[in-house]
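Structural overview
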Amino acid sequence: GAGVSQSPSNKVTEKGKDVELRCDPISGHTALYWYRQSLGQGLEFLIYFQGNSAPDKSGLPSDRFSAERTGGSVSTLTIQRTQQEDSAVYLCASSLAASGSHNEQFFGPGTRLTVL
Amino acid sequence: DAKTTQPTSMDCAEGRAANLPCNHSTISGNEYVYWYRQIHSQGPQYIIHGLKNNETNEMASLIITEDRKSSTLILPHATLRDTAVYYCIVRVAGAAGNKLTFGGGTRVLVKP
């Protein structure tokens, strides 16, 4: 079946603009995760969803960042008033569940965001 | 989650075994060792995980020392497509959230 998909694959925006990044998880996966990877850096956890609720938002770097998930499927990560330091690859992952077992995470290809 | 220490980079020859070490001296009794890898321009990919017994799957083998303070990921016959950054992660399996905490990883270059 299809893996995790993300859109757009690349996004270039101007400082101060808002952007929306989309993630389509694997069908049937109830848990969804957002990470980001700045140039030359490791992956940084942002937020995860179990169903439509987000029990852990601890990784969101500021209140300019928000995410939602509807219908237990698609998720959107929104960055308001983008700054140059927001430039990174934003990765989405999904797993069958967020607890109770090992629940391997399957990652999408990422969205490369460049803020000019 | 316990912190891990990995070499920054290593080279290995195509067709030979690649042995990737990881130190996790502060690991707790209920923490597992996970390995993921990230090939250039792709998202991370799960490889293997273990608690205390050695594990093997179609991709790799995981050897965990008896005191669990270190482990080694073994790629038995490295190919050029195994060139990637390999991440060793220690965390409690089944904990709420299951978020992954990535360190710097080991950049592995497989050479012909």
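Refer to the structure presented above.
Below or above, wherever it landed, is the structure these notes cover. Nothing here was measured: the structure is a model prediction, and the numbers come from that model.

About the cut-offs
- Residues numbered from 1 in each chain as written.
- Chains lettered and ligands numbered in written order.
- Predicted model: local features only at pLDDT ≥ 70, side-chain atom pairs only at ≥ 80, totals over all residues.
- Heavy atoms only, no water.
- Helix = DSSP H or I, 4+ residues; strand = E, 2+ residues; numbered from the N terminus.
- Rg over C-alpha atoms; globule rule 2.2 N^0.38 Å.
- Buried < 20%, exposed > 50% of the residue type's maximum accessible area, 1.4 Å probe, protein only.
- Contact = heavy atoms within 4.5 Å.
- Areas by Shrake-Rupley, 256 points an atom, 1.4 Å probe, with all protein chains shown as cover.
- Core = buried A, V, L, I, M, F, W, Y, C linked by side-chain atoms within 4.5 Å.
- Disulfide = S-S within 2.5 Å.
- Pairing = 2+ DSSP bridges.
- Axes fitted to C-alpha atoms, helices over the stretch in contact; angles between N-to-C directions.

1. Looking at the overall build of chain B
Across its full length, chain B carries zero helices and nine strands. Counting helices and strands in the order they occur from the N terminus, chain B gives β-β-β-β-β-β-β-β-β. For 112 residues, the compact-globule formula gives about 13 Å, and the C-alpha radius of gyration of chain B, at 13 Å, lands near that figure. Across the 112 residues that make up chain B, the buried fraction comes to 45%. Counting only contacts in chain B whose residues sit at least 6 apart along the sequence, the fraction spanning at least 24 positions is 57%. Carbon and sulfur atoms make up 49% of the accessible area of chain B, which amounts to about 5700 Å² in all.

2. Brief notes about the side chain of R36(A)
Topologically, R36(A) is positioned in strand 4 (residues 31–37). The contact partners of R36(A), leaving out residues within four places of it in the chain, are G42(A), L43(A), E44(A), L46(A), P61(A), F65(A), E85(A), D86(A), A88(A), V89(A) and Y90(A).

3. Considerations on unusual backbone geometry
Residue and element names in this part refer to chain A. Going from S7 to P8, the amide bond is cis rather than trans, its omega being -10°. Relative to the assigned elements, P8 resides in the loop between strand 1 (5–7) and strand 2 (10–13). Its identity as a non-glycine residue notwithstanding, R81 has a phi of 45°, on the positive side. With respect to the secondary-structure elements, R81 resides in the loop between strand 8 (75–79) and strand 9 (88–95).

4. Considering the nonpolar core
Residue and element names in this part refer to chain B. Counting 22 residues, the largest nonpolar core has L20, V33, W35, I47, L73, Y86 and V108 as its most contacted members. Of all the secondary-structure elements, those providing two or more residues to this core are strand 1 (9–13), strand 2 (18–23), strand 3 (31–38), strand 4 (45–50), strand 6 (61–64), strand 7 (70–75), strand 8 (84–92) and strand 9 (106–111). The element that contributes the greatest number of residues to this core is strand 8, accounting for four residues. Setting aside chain neighbours within four positions, we find L73 in contact with A18, N19, L20, W35, I47, I48, A60, S61 and Y86.

5. Thoughts on the state of the cysteines
Following the criterion strictly, the structure yields two disulfides over all chains and no others. Across the disulfide, C23(A) is cross-linked to C92(A) (sulfur-sulfur distance 1.8 Å). Between C23(A) and C92(A) the disulfide shows an S-S torsion of about -65°. By sign, it is left-handed. Separated by 69 residues along the polypeptide, C23(A) in strand 3 (residues 19–24) and C92(A) in strand 9 bring together distant segments of the chain. The class for C23(A) is buried, based on a relative accessible area of 0%. For C92(A), a relative accessible area of 0% translates into the label buried. Across the disulfide from C22(B) sits C88(B); the S-S distance is 2.1 Å. The S-S bond linking C22(B) to C88(B) shows a torsion near -85°; that makes this disulfide left-handed. With C22(B) in strand 2 and C88(B) in strand 8, this pair connects stretches of sequence that are 66 residues apart.

6. A look at the environment of L39(A)
Residues and elements named next belong to chain A. Mapped onto the fold, L39 is located in the loop between strand 4 and strand 5 (43–50). By relative accessible area, L39 is classed as exposed at 80%. Residues L39 and Q105, 66 residues apart in the sequence, show an inter-C-alpha distance of 22 Å.

7. Examining the sheet that holds strand 9 of chain B
Residue and element names in this part refer to chain B. Strand order across the open sheet formed by five strands is 1-9-8-3-4, with mixed pairing between neighbours. Of all the strands in the sheet, just strand 1 and strand 4 have a single pairing partner and so form its edges. The average angle at which neighbouring strand axes cross in this sheet is 25°, direction not considered. With three bridges connecting them, strand 8 and strand 9 associate as antiparallel partners. Following the sheet pairing, Y86 is matched in strand 9 by T106.

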